[in-house]
Each structure stands twice: as C-alpha cells, then as structure tokens.
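# Commentary on secondary and tertiary structure
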Amino acid sequence: MRSAYSSGNLILLAFTYLFYFGQFGVFIPYLGVFLDGRGFSSKEIGELFALITFARIAGPNLWAAIADSTGKSLRLLQLGALLTLSMFTLAFWVDGFWYLTISFSLMMMFWTAILPQVEVLTLNCVRANPVRYGYIRLWGSIGYILLTIFTGKMIDIFSSEAPLVVGVVVLSSLFMVTLFLIEPKRDVNTAKDEVSIWRKVRQPVFHGFIASAILLQLSFGPYYGFFALYMRDLGYSGQATGWLVGLGVAAEVLIFLKAGKLINRFGVKWVLLTSILFTSLRWYLLATVAASPIFLVAAQCLHAFSFGLAHAASMHFIHHYFGLKDQSQGQAIYISFAFGIGGAAGGYFSGSLWNQGAGAELSFTLAAISALVAACCLLPICSKRM
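Residues numbered from 1 in each chain as written. Predicted model: local features only at pLDDT ≥ 70, side-chain atom pairs only at ≥ 80, totals over all residues. Heavy atoms only, no water.

In the structure shown here, the tally under the stated rule is five salt bridges. Here Asp95 and Arg38 are joined by a salt bridge, their closest N and O atoms 3.6 Å apart. Of this pair, Asp95 sits in the loop between helix H5 (73–89) and helix H6 (97–111) while Arg38 is found in the loop between helix H2 (31–37) and helix H3 (42–53), placing the two residues 57 residues apart along the sequence. Among the residues examined, Asp95 registers a relative accessible area of 43% and is labelled partly exposed. With a closest N to O distance of 3.9 Å, Arg137 and Glu252 form a salt bridge. With a gap of 115 residues between them, Arg137 in helix H8 (residues 132–157) and Glu252 in helix H13 (residues 238–266) connect regions that are remote in the sequence. By relative accessible area, Arg137 is classed as buried at 0%. Look at Glu252 and you get buried, because its relative accessible area is 3%. (Salt bridge = Lys/Arg side-chain N within 4 Å of Asp/Glu carboxyl O. Helix = DSSP H or I, 4+ residues; strand = E, 2+ residues; numbered from the N terminus. Buried < 20%, exposed > 50% of the residue type's maximum accessible area, 1.4 Å probe, protein only.)

In this model helix H12 (residues 221–233) runs 18 Å from its N-terminal to its C-terminal C-alpha over 13 residues, within 8% of the 18 Å that 1.5 Å per residue would give. Within H12, 10 of the 13 residues are buried, leaving the element largely enclosed by the surrounding structure. Trailing H12 by a residue or two, Gly235 shows a phi angle of about 95°, which is positive. (Expected span 1.5 Å × (residues − 1).)

Position of Leu378 among the secondary structure elements: in helix H18 (residues 360–378). The spacing of Leu378 and Met176 is 202 residues in sequence and 40 Å in space, taken between C-alpha atoms. Once residues within four sequence positions are removed from consideration, Leu378 is found in contact with Gly208, Phe209, Ser212, Lys269, Leu272, Leu273, Ile276 and Met386. (Contact = heavy atoms within 4.5 Å.)

Right, let's talk about the packing of aromatic side chains for a bit. Under the counting rule described, the total for this entry stands at 36 aromatic pairs. Both rings, one in Phe206 and one in Phe322, keep their centres 5.5 Å apart while their planes meet at 85°; by these two values the pair is edge-to-face. Pair noted here: Phe206 is in helix H11 (residues 204–219) and Phe322 is in helix H16 (residues 303–322), with a separation of 116 residues, a long-range link. You can call Phe206 buried: its relative accessible area is 2%. Look at Phe322 and you get buried, because its relative accessible area is 1%. (Phe/Tyr/Trp six-rings, centres within 6.5 Å; stacked < 30°, edge-to-face > 60°.)

Quick look at the environment of Val169 now. Within the secondary structure, Val169 sits in helix H9 (residues 162–178). Given a relative accessible area of 51%, Val169 falls into the exposed group. Put simply, Val169 and Tyr321 are 152 residues apart on the chain and 37 Å apart in space, counted from C-alpha to C-alpha.

Moving on, we get to empty space enclosed by the protein. Scanning all chains against the criterion turns up five cavities of 30 Å³ or more. Taken as a whole, the largest cavity encloses approximately 440 Å³ of empty space. At the level of secondary structure, the elements contributing two or more residues to the lining of the largest cavity comprise helix H1 (2–27), H3, helix H7 (114–125), H8, H12, H13, H16 and helix H17 (327–354). Counting residues per element, the lining of the largest cavity draws most heavily on H17, at seven residues. Per-class residue counts for the lining of the largest cavity are 17 nonpolar, 12 polar and four charged. The volume enclosed by the second largest cavity comes to roughly 100 Å³. What lines the second largest cavity is a set of 14 residues, among which Leu216, Gln217, Ala310, Ser314 and Tyr334 lie closest to the centre. Elements with a contribution of two residues or more to the lining of the second largest cavity: H11, helix H14 (268–289), H16 and H17. Its residues placed into classes, the lining of the second largest cavity shows nine nonpolar, five polar and no charged. (1 Å grid on protein atoms, 1.4 Å probe; cavity = no way out; pocket = protein on both sides within 12 Å on 5 of 7 lines; lining within 4 Å. Points joined across faces, edges and corners; volume = space filled by probe spheres on them. Nonpolar A, V, L, I, M, F, W, Y, C, P; charged D, E, K, R; others polar.)

Grouped together as the largest cluster of nonpolar side chains are 133 residues, with contacts concentrated most on Phe27, Phe104, Phe206 and Tyr334. Leave out the neighbours within four places in its chain, and Tyr334 touches Phe209, Ile210, Ala213, Ser314, Met315, Ile318 and Phe339. (Core = buried A, V, L, I, M, F, W, Y, C linked by side-chain atoms within 4.5 Å.)

This brings us to the confidence of the model for the protein chain. Model confidence for the protein chain is summarised by a mean pLDDT of 86, while 93% of its residues fall at 70 or above. A low-confidence stretch, residues 1–5 stays under pLDDT 50, and its non-local contacts, those more than four residues away or across chains, total three contacts. (pLDDT = per-residue confidence, 0-100.)

Locating Pro116 in the fold gives a position in helix H7. The exposure class of Pro116 is buried, given its relative accessible area of 1%. Once you skip the residues sitting within four places of it in the chain, Pro116 turns out to touch Gln331 and Ile335.

Shown next, in the form of structure tokens:
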C-alpha cells in the first residue's frame, strides 16, 4: 500500500514538473515573439522582461515563509497554480506596456509559489533514494521540449498570439494535477543546535555560490528574451526554433539521468564550475557562429550543462546547505537572488543592447563574459563546503 501510494504520488509529481516547465517552454522562448507581434520594440521587450522578473524577488520569500511556518507546501502549490492561471488569462483582454506588465508580473509572483513547493515535495518523497530526483525532474525537461516545439508550430500556423491559448491549456492542466497530489509527512527535526537561516546566508560559501548564480542567470538574458527573434532574423522558421530549443532540453534530459552520479563522484563545486564554463562557450558560439546550423546545434546541446547539470548541482547544494527546517526559504532565497535579480538584470541589459537585432553579437558576447565571471566566483570556495 505504501509502495503504491509512493509510486502514484511520484507519477503525479512528474506530471507537475511536465506542465510547470512545459509552460516555461510556451512562455519564455516566445514571449518576445508575442510582444513583437503586439508592436513592442526590443527595448520595451527587455524592460518588460526585467519588470516581470522582479516579481521573482519578493514572491518566493513570501510564499516560502508561509510554507515553512505552516508546513502546507501542497496547499500553497495548488493556490499558486490557480492564481497563475487566472493572471495569465488577463492577457487575452489587456494590451499596452503597463497593462501587460502588471498582468505578467502578477502571474510571475504567483508562479514563484509553485516550483519551491514542488521541489520540497519531491525531495521529501525521494529522501530514501535521492537518485530518483533526477528521473522525476527530467519530466519537466520533456514537457519543455514538447511544448516548445508545439508552440513554435502553432505560431507558424496561426499567429504570435498562439502562446496565450497554449499557455492557458497547460496551466489548467497543471492546476488539475496538483489537486490529486498527496503531501508526504515531514520528518520531525530534532536538532538542538540549529543554525539560523540568516547566519547561513551570511557565510562566505553562500556568498560565492549566490554571486555565481546571479551572474549565470544574468547571462541568460539574451537567450530568454530574444533567441526566437534572433533565429527569425537569421532565417529560421518558428518550428525550427522550437526544434532547436527542444534539442537543448533533450540534452538536458540525458544529463539529468546521470546528474546524481556525477555530483557524487566529482562534487557540487566542480560539476557547477564545469557547467558554467560550458555555458560561457555556448553564448560565445551564439554570438559568433549562430548562422551555421552545425555550430548552432552544438551550442544548443550545451544546454545540458548550462541549465540541466547546473540546476541539479544547485538544488543539491541548497537542499543540503539549508537542511530540513529551512528548505522552502532556502529555495526561495536562491530563486529570488538568482532568477529575480540576475534574471531581471539580464532582461534589462539585453533589451537595451539588442537594438532590433543589431546588437545580437554584443549581447551574447557579454553574456559569455558574465558566465565566465560566474565560474570565477566559485574558485575560492573549498570543495568540501559545497
């Protein structure tokens, strides 16, 4: 009975990852195309990306504080999924820079309630066998691939408004799946000399890790904001763009299957450092040889490192560094700084530099430098501390 319960819950968590990251595949790669279709300039697209990403700074900490104090991770997950769907649908009826910014910012704030709680639920479910985390998490990558390719095709067939329709279907499915999840019992924390979460945050090891994470996410600015438009300017179709994004995530899926073993063998520091260096190479290839299909495919395959392995190593560090009591807040602090501050800065600067495609090479070159500096931030950290 216990085994059936566990298997059923893990399958539902796999579907939760599938639809959550599937919505990323709908929203992130094609938001620039959608906004371009509504008449936005590249500067406005970058500013909107930056503003809505700021919602990932305050939002995660608010939700995590509630989750850690109440222990109701699942209820917050369900509420976040419902409110995300509600805010996303507003884009059908509103237009203009500030109306869409408010709609998507509210959506992003509620969206930030979802992933930390999914991670906590999953890690609690698989704590007896941590290697299983990679197998569950890879379904998020599968969802990203499928929805990215599908949405690209829908844009080719219909219009730049297609991501809205697809997104509503995906978010509705996400909410429905969360209604059937069961929250596992948390272990009672019996440690008597727990270290305050803020004391952990002030440690040099965390400073180096979070600085690296911020710079890594900053480097993703041109990719998240303008990759689809960049591909269109280079003569690739929407479907081809979908396949290229999907290829990157397919490589990510393969690396997730080996992530646990790689981290156990080489340690978090060296896995993360190597992944970030490959990320720098990836952005340099996009800056200089993206017109070549061969090099473009090679660059996209490096997504296995720039997101897949980097994410798995970061989750491993956060989960063990903050421990059981503060795991939701630890996830939230990581998301707020890395994806909030780093993502917002990346969106803003890439939008300022893009200049309707004329600044593409410069944007990706600076992204490569940002990733290189991110790798340097990890060098002073002792391997045993990570």
